[in-house]
Amino acid sequence: MIIAANFKTNHTRKSTKAYLGKLNSFVAELKSDDTVLVFPPSSALDNFDLTDNISVGVQNAYPTEKGSFTGEIGLEQIEEFGLTTILIGHSERRHVLGESQDEVAKKYDFYKSCGFQIVYCIGEPKEVREEGIESVIAYNFSQLEGIDISYENLIVAYEPVWAIGTGLTASNEQIEETLALLNEKIKAPLLYGGSVKVANTKEILDIPNCEGILVGTASWDVDAFCEMVEISKKQ
Ligand code: PGA
C-alpha cells in the first residue's frame, strides 16, 4: 500500500521536522513496509534522515532546472535535498491556480525525464459526477492527455474534486466502480483521495484496485496519519 500525506499550505519548517521525526520513529517501530510519502510545503524541504520506506516529495515545481520563474522552484532547488518525488496535477493547482492540462503535461514530461517518482492526480468536479459514470471516466481520461501512463515511476491518485477538503467522501461503490474503470487503462498503482480520515481508511483500502490513499486535512495531525499507516499495515 501507499500512504501519502499532502500538507498543502500547512505546517512550518519547524513543525514539519517534528512531524517527520515522530512519523519516522512510528514507522520504524511498526516495521511497516508500506510506502509512506509526505509532501510538505516547499519552505520546509530539507535533508531528512528517514527510514527507507518514507519519502518526502514536493507538492509542485516548475519544469526547469533553474531560471527566471519568480516564485517557483526547479530541479536544482529540489536536488539540493536529494528529493525525487513530486505531486503533479493536484486539483487545487488545476482549479484554484489555473494550471492547464498542457502545463501539467509539461511538468510531467520534465520530471519524468529526471526519473522522479510522480504522484499524478486526476478527478472530476461535482457537475461531471452528476452526469454519470461515463462522463466521470471521460473527464478523468481527458486529464491523462499528454501523459505517458506507461512510466514506471508513476502513481495515479483519483481524487474527485467535490470530495477534497469538503468532508464528503465518495461512496465505496463510487470509488470501486471508478477505480475499476480507470484500471482498465492505467496500469500504475491507483490511490484514492478526498476526505480520507482515520475512520474510513480501512474500508477505502479494502476496495478492489485501491493501492493506497492520498490524505490532505486528516494527515496534518501526525497521530492521525500514524494511525492510518498502522491500519494499512493490518490490512
Ligand atoms: P483532503 O485532501 O483529504 O483534505 O480531502 C486530499 C487532497 O487534496 O489530496
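My aim in this report is to walk through the structure given alongside it, one point at a time. Counting starts from 1 at the beginning of each chain's written sequence and moves along it residue by residue. Confidence filtering applies because this is a predicted model: local features only for residues at pLDDT of at least 70, side-chain atom pairs given and counted only at 80 or more, and all residues used for totals across whole chains, interfaces and linings. With hydrogens and water stripped out, all remaining heavy atoms of the structure feed into the side-chain values.

Things to note about the overall build of the protein chain
Now for step 1: The helix and strand labels rest on DSSP assignments: H or I over at least four residues marks a helix, E over at least two residues marks a strand, and numbering proceeds from the N terminus. Of regular secondary structure, the protein chain possesses 9 helices and 8 strands.
Now for step 2: Here the radius of gyration uses the C-alpha set of atoms, whereas the globule reference equals 2.2 Å times the residue count to the power 0.38. Taking 18 Å as the expected radius of gyration for a compact globule of 235 residues, we find that the protein chain reaches 17 Å, a close match to that expectation.
Now for step 3: Each of the three principal axes of the protein chain carries a C-alpha extent, and together these read 45 × 45 × 30 Å.
Now for step 4: We call a residue buried when its accessible area falls under 20% of the maximum for its residue type, exposed when it is over 50%, and partly exposed in between, using a 1.4 Å probe and counting protein chains only. Going through the 235 residues of the protein chain one by one, you find that 50% of them count as buried.

Some points on the packing of aromatic side chains
Now for step 1: Think of it this way: a Phe, Tyr or Trp ring, Trp meaning its six-membered ring, pairs with another when their centres are within 6.5 Å, and the plane angle makes it stacked under 30 degrees, edge-to-face over 60, tilted otherwise. A full pass over the atoms with the stated rule returns 8 aromatic pairs.
Now for step 2: Each member of the aromatic cluster is reached from another via a ring pair, and the members are Phe7, Tyr19 and Phe225.

Some points on the nonpolar core
Now for step 1: Judged by nonpolar contacts, the single largest core of 62 residues is most densely connected at Leu23, Tyr111, Ile118, Tyr120, Tyr192 and Phe225.
Now for step 2: Not counting chain neighbours up to four residues away, the residues in contact with Tyr120 comprise Ile88, Arg94, Gln101, Val104, Tyr108, Gln143, Leu144, Ile147, Leu154, Ile155, Val156 and Ala157.
Now for step 3: Throughout this description, the term nonpolar core refers to a set of buried Ala, Val, Leu, Ile, Met, Phe, Trp, Tyr and Cys residues connected via side-chain atoms within 4.5 Å. If you look at the next biggest cluster of nonpolar residues, it comprises 11 residues, including Ala4, Leu37, Leu87 and Leu214. In what follows, a contact means two residues having at least one pair of non-hydrogen atoms within 4.5 Å.

Some details on the pairing of strand S6 (residues 154-158)
Each regular strand shows side chains that alternate between the opposite faces of the sheet.
Now for step 1: When you tally the buried positions in S6, you get 5 out of 5 residues, the bulk of the element.
Now for step 2: On S6, burial covers both faces: Leu154, Val156 and Tyr158 on one face and Ile155 and Ala157 on the other are all buried.
Now for step 3: Pairs of strands are assigned from DSSP output, requiring at least two bridges between the strands. Across 5 bridges, strand S5 (residues 117-122) lies against S6 in parallel orientation. Residue pairing in the sheet places Cys121 in a bridge with Ala157 of S6.
Now for step 4: One ladder, built from 3 bridges, connects S6 with strand S7 (residues 190-193); its direction is parallel. Residue Ala157 lies in a different strand from S7, and its bridge partner there is Leu191.
Now for step 5: By convention a crossover is right-handed if, when the strands point away from the viewer, the path from the first strand over the helix to the second runs clockwise. At this point the chain moves from S6, through helix H7 (residues 172-185), to the parallel S7, and the crossover so formed is right-handed.

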